[in-house]
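Notes for the structure review
Now for the letters of each chain:
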Amino acid sequence: MKRVAVVGASLAGVRAAQELRAQGYDAGIVLIGEEPHLPYDRPPLSKAFLAGTASPASLELLDAGDLASLALDFRLGVRATALEPSNRRVLLSDGGSVHADGVVIATGGRARTLPGFEGAHTLRTLDDAVALRSSLVPGVRVAIVGAGFIGAEVASTCRSLGLDVVVLEALAAPLAPVLGPSLAAVCARLHRDHGTDLRCGVAVAGMDAAGVHLADGSLVPADVVVTGVGMTPATDWLAGSGLKVGDGVHTDAGLVTSLPSVVAVGDVARYHAGGTGRRHEHWTNASEQAPVAVANLLAGRTTRTYEPSGYVWSDQYSGTLQLAGHPRPDDTLSYVDGDPASSSFVAAFQRDGETVGVFALNNAKLFNRLRRQALRRPATV
Amino acid sequence: MIRACTVDELPPGESVRIPGAPAVAVFHTEAGELYAIDDTCTHQDASLADGWLEGCFVECPLHAALFDLRTGVPTCLPAKEPVRTYPVLVDDGVVYVQGVAGEDAA
Ligand SMILES: Cc1cc2nc3c(=O)[nH]c(=O)nc-3n(C[C@H](O)[C@H](O)[C@H](O)COP(=O)(O)OP(=O)(O)OC[C@H]3O[C@@H](n4cnc5c(N)ncnc54)[C@H](O)[C@@H]3O)c2cc1C
Ligand code: FES
C-alpha cells in the first residue's frame, strides 16, 4: 500500500494512524478531518474543559514529537463527501480528492438533536463546548434533557459552577437500561446529593426563551438548554459507496467492511460478531479497535478479531464511575465492597453463576483487580 | 531521601503510595525490581499505586495509560507527559526513595 486515507481526525483516526506506524507501515497517511482543529480528546469537554480548568492545548491528542514522528498529511477543515472504491478515491468538500489504496473510516458521530429544540446546546465538539461554556455565566438556570453519561456530566459541571440545574429524563431512572435498577438509583442519588433537580419519567415537548415545555403542558424555566440525547453515526458520506451502513458502518468481527481495503473504527464501527451487530460509543473502544483494524487492513484480510473490554468511565460530581464487561440490566448484582449508599463501592454483575460485569464508584484499585480476575481481560503489554 | 516501607511490607507484585508533595508510588515487580515514580498520573489525578502492575509497566487505574517504570514515559494515550522517576535504595531491609522534593538541602 502506498497511501492510506484515514477519514475522521479524532481519537479513532489518530489511534489508527499511530497503529499503522507501530505495525511498520511507512508510506503515506492522509488524515482527513472536518473540524479545523488538530485532533483533540473529547471526554474533558463535559468535565474539566467545560468547568474552565483545562485548556484547549491540554486536549490535544498529539504533541509536537508525535506529529513529527507520525508524518501525517493532514487535511483539516475538509469533509469527505464520498468514497469511490472503484477509483480508490475519497472525494473532499473542497473539490479535491485523495487517491488511497486503503481507507480507515473513523468518522464517529454527531450529536442527535430533538425536534422543537432549535437553539438548544449539544455537546460533541470543541466548538460546542466553547459555545456552551460561554453561556454558563453566573445566575443562569440550566435545563438538561437526558440523564445519560453526557447529560449527567454536564449537570455535574454546571453544579460545580454554582448554577441551578434541572435534568429531564424520559426513563424511570438514569442509565437504567445500561446499569440496571439499583445502580441507576445510585446515579439518581448522586444528582440529588449535589443539588441537581432530577426529574425522571418526563416527556419534553419543546423549548422557547422561557424554558423547556413538557408534554403535560408545564414549563421548566431555563436560560440555557442542553440536549444530551445520544449521537448518530456519521455515515452519510458513504452513500453510493456500496458499503453497508445502517446505525454505523457494517464490518465483520475484525472491523473489515465488505471491501478488504476498507476498515472502520471507533464510534462509527458496527461490527458483527456471533450473529449480532454491535457498536460502542466509548473512549477505550475507539482506542482498542485501532490495532485490530489496522492489522487486518495491512494483511488484506481478517486475521484478528475484536474483543471488546466494555470499559467505560464517567466522572459525575464527587464520583468516578467505572464499568467493564457486558452486563444486562436483569443480571444479578452483588456488592463486593461497600454498598449502594456508600461513597465508594464495587459491585459485580452475575449471570448463570458467572461474573459478566464489574462496576465501581470511587474504587479504582479493586475495580481493576476484579475486572482482570473475573473478566479475564488479556494483558495489554 | 525518604523511608518508604520495609521490604517485607512490599512483596513482589505490590505497590505502595507514600503521601507527600509530591506523593510517590513504589513498585516491587514480579521480577524483584523496585521502582519509584510520582504517584499522580499526568493525565488526570489517579493514584498510580492503585494501578495494575505488569512487568515493569504500570497501567493507570482510570484510563489505562501505561507508564514505563524505568523511564516514567507513558507508552500510550491518554497520558502524554512522563511521570518523574526516583532512585530506590534498600538498606537493612528498609526501602528508601531518593531525590523526592524536600531533601534537596542534604
Ligand atoms: C462530551 C463527551 C464526553 C465523553 N466522555 C467520555 C468518558 O468519560 N468516557 C468514555 O469512555 N467516553 C467518553 N466519550 C466518548 C468518546 O469521546 C468517544 O467514544 C470517542 O471520541 C470516539 O472517537 P471516534 O474517533 O470514533 O469519533 P469522534 O470522536 O466522533 O470523531 C469523529 C471525527 O470525524 C470527523 N468527521 C465526521 N464525518 C466526517 C467526514 N465526512 N469527513 C471528515 N471528517 C469527518 C468529525 O468531525 C470528528 O472529528 C465522551 C464523548 C463526548 C462527546
Ligand atoms: S488519569 Fe491516568 S490515564 Fe487518565
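Reference entry: report on the structure contained in this document. Computed from a predicted model, the values in this text were never measured in an experiment. (Residues numbered from 1 in each chain as written. Chains lettered and ligands numbered in written order. Predicted model: local features only at pLDDT ≥ 70, side-chain atom pairs only at ≥ 80, totals over all residues. Heavy atoms only, no water.)

The next point concerns the packing of helix α1 (residues 11-22) of chain A against helix α8 (residues 283-299) of chain A. Residue and element names in this part refer to chain A. The N-to-C vectors of α1 and α8 enclose an angle of 40°; their axes lie 8 Å apart at closest approach. If you check the angle between α1 and α8, you find them oblique. Of the two possible hands of crossing, α1 and α8 adopt the one that is right-handed. Along the contact surface, α1 presents Leu11, Ala12, Arg15, Ala16, Glu19 and Leu20, while α8 presents Trp283, Ala286, Ser287, Ala290, Pro291, Val294, Leu297 and Leu298. Here the contact of α1 with α8 is built from residues that sort into eleven nonpolar, one polar and two charged. (Axes fitted to C-alpha atoms, helices over the stretch in contact; angles between N-to-C directions. Helix = DSSP H or I, 4+ residues; strand = E, 2+ residues; numbered from the N terminus. Parallel < 35°, antiparallel > 145°, perpendicular 65-115°, else oblique. Left-handed = near helix turned anticlockwise from the far one by under 90°. Contact = heavy atoms within 4.5 Å. Nonpolar A, V, L, I, M, F, W, Y, C, P; charged D, E, K, R; others polar.)

Each aromatic ring pair is described using two quantities: the centre-to-centre distance and the angle formed by the ring planes. Residue and element names in this part refer to chain A. Evaluation of the coordinates by the stated rule reveals six aromatic pairs over all chains. Taken together, a centroid distance of 5.9 Å and an interplanar angle of 45° make the contact between Tyr311 and Phe367 tilted. Here Phe367 lies in helix α9 (residues 364-375) and Tyr311 lies in the loop between α8 and β21 (312-316), a separation of 56 residues in the sequence. Both residues of the pair, Tyr311 and Phe367, belong to the buried class. A connected cluster of aromatic rings, assembled from ring pairs, spans Trp283, Tyr311, Trp313 and Phe367. (Phe/Tyr/Trp six-rings, centres within 6.5 Å; stacked < 30°, edge-to-face > 60°. Buried < 20%, exposed > 50% of the residue type's maximum accessible area, 1.4 Å probe, protein only.)

Attention shifts here to unusual backbone geometry. Residue B:Pro22 follows B:Ala21 across a cis peptide bond; omega there is 0°. Here B:Pro22 shows up in the loop between β2 (14-18) and β3 (24-28). With an omega of 5°, the peptide bond running from B:Leu77 to B:Pro78 counts as cis. One non-glycine residue, A:Asp352, adopts positive backbone phi at about 50°. If you check the backbone angles, B:Asp92 has positive phi at about 55° while not being a glycine.

Between chain B and chain A, the residue contacts involve 17 residues of the former and 25 residues of the latter. Taken over both partners, the interface formed by chain B and chain A buries close to 1700 Å², and the fraction arising from carbon and sulfur atoms is 55%. Of all residues in chain B, B:Trp52, B:Leu77 and B:Lys80 bury the most surface against chain A, accounting for 33% of the area lost on that side. If you look at where chain B meets chain A, you find two salt bridges. On inspection of chain B and its partner chain A, the count reaches seven residue pairs in polar contact (both at pLDDT 80 or more). Elements supplying a minimum of two residues to the side of chain B that touches chain A: β2, β5 (52-54) and β6 (57-59) of chain B. (Buried area = accessible area lost by both parts, 1.4 Å probe. Salt bridge = Lys/Arg side-chain N within 4 Å of Asp/Glu carboxyl O. Polar contact = N/O pair within 3.5 Å; in protein donor to acceptor, adjacent residues only side chain to side chain.)

We now examine the pattern of salt bridges. Where charged atoms of side chains with opposite charge meet at close range, the side chains can pair. Residues and elements named next belong to chain A. Counting across every chain of the model gives 19 salt bridges over all chains. Notably, a salt bridge pairs Arg42 with Glu35, separated by 3.1 Å at the nearest N-O pair. With a relative accessible area of 21%, Arg42 lands in the partly exposed category. Between Arg279 and Glu281 there is a salt bridge whose closest N-O contact spans 3.1 Å. According to the relative accessible area criterion, Glu281 is partly exposed, its value standing at 36%.

This paragraph deals with the side chain of A:His191. Residues and elements named next belong to chain A. Tracing the chain through its elements places His191 in helix α7 (residues 181-193). Among the polar contacts made by the side chain of His191, one reaches the side chain of Tyr317 at a distance of 2.7 Å. Contact partners of His191, with chain neighbours within four places excluded, come to Ala152, Ala155, Val167, Thr196, Leu198 and Tyr317.

Glancing now at the site of ligand 1. All names here are of chain A. Near ligand 1, the surroundings consist of 35 residues, among which Ser10, Glu35, Arg42, Lys47 and Arg124 are the closest. At 2.8 Å, a side-chain N or O of Ser10 approaches an oxygen atom of ligand 1. Take Gly109: an N or O atom from its main chain is 3.5 Å from an oxygen atom of ligand 1. Considering ligand 1 on its own, with 1000 Å² of exposed area, one finds that the protein chains cover 96% of that surface. Put simply, the parts of the chain that give the shell around ligand 1 at least two residues each are α1, β2 (28-33), β8 (109-111), α5 (149-160) and α8. The class makeup of the residues in the shell around ligand 1 is 16 nonpolar, nine polar and ten charged. (Near = heavy atom within 4 Å. Areas by Shrake-Rupley, 256 points an atom, 1.4 Å probe, with all protein chains shown as cover.)

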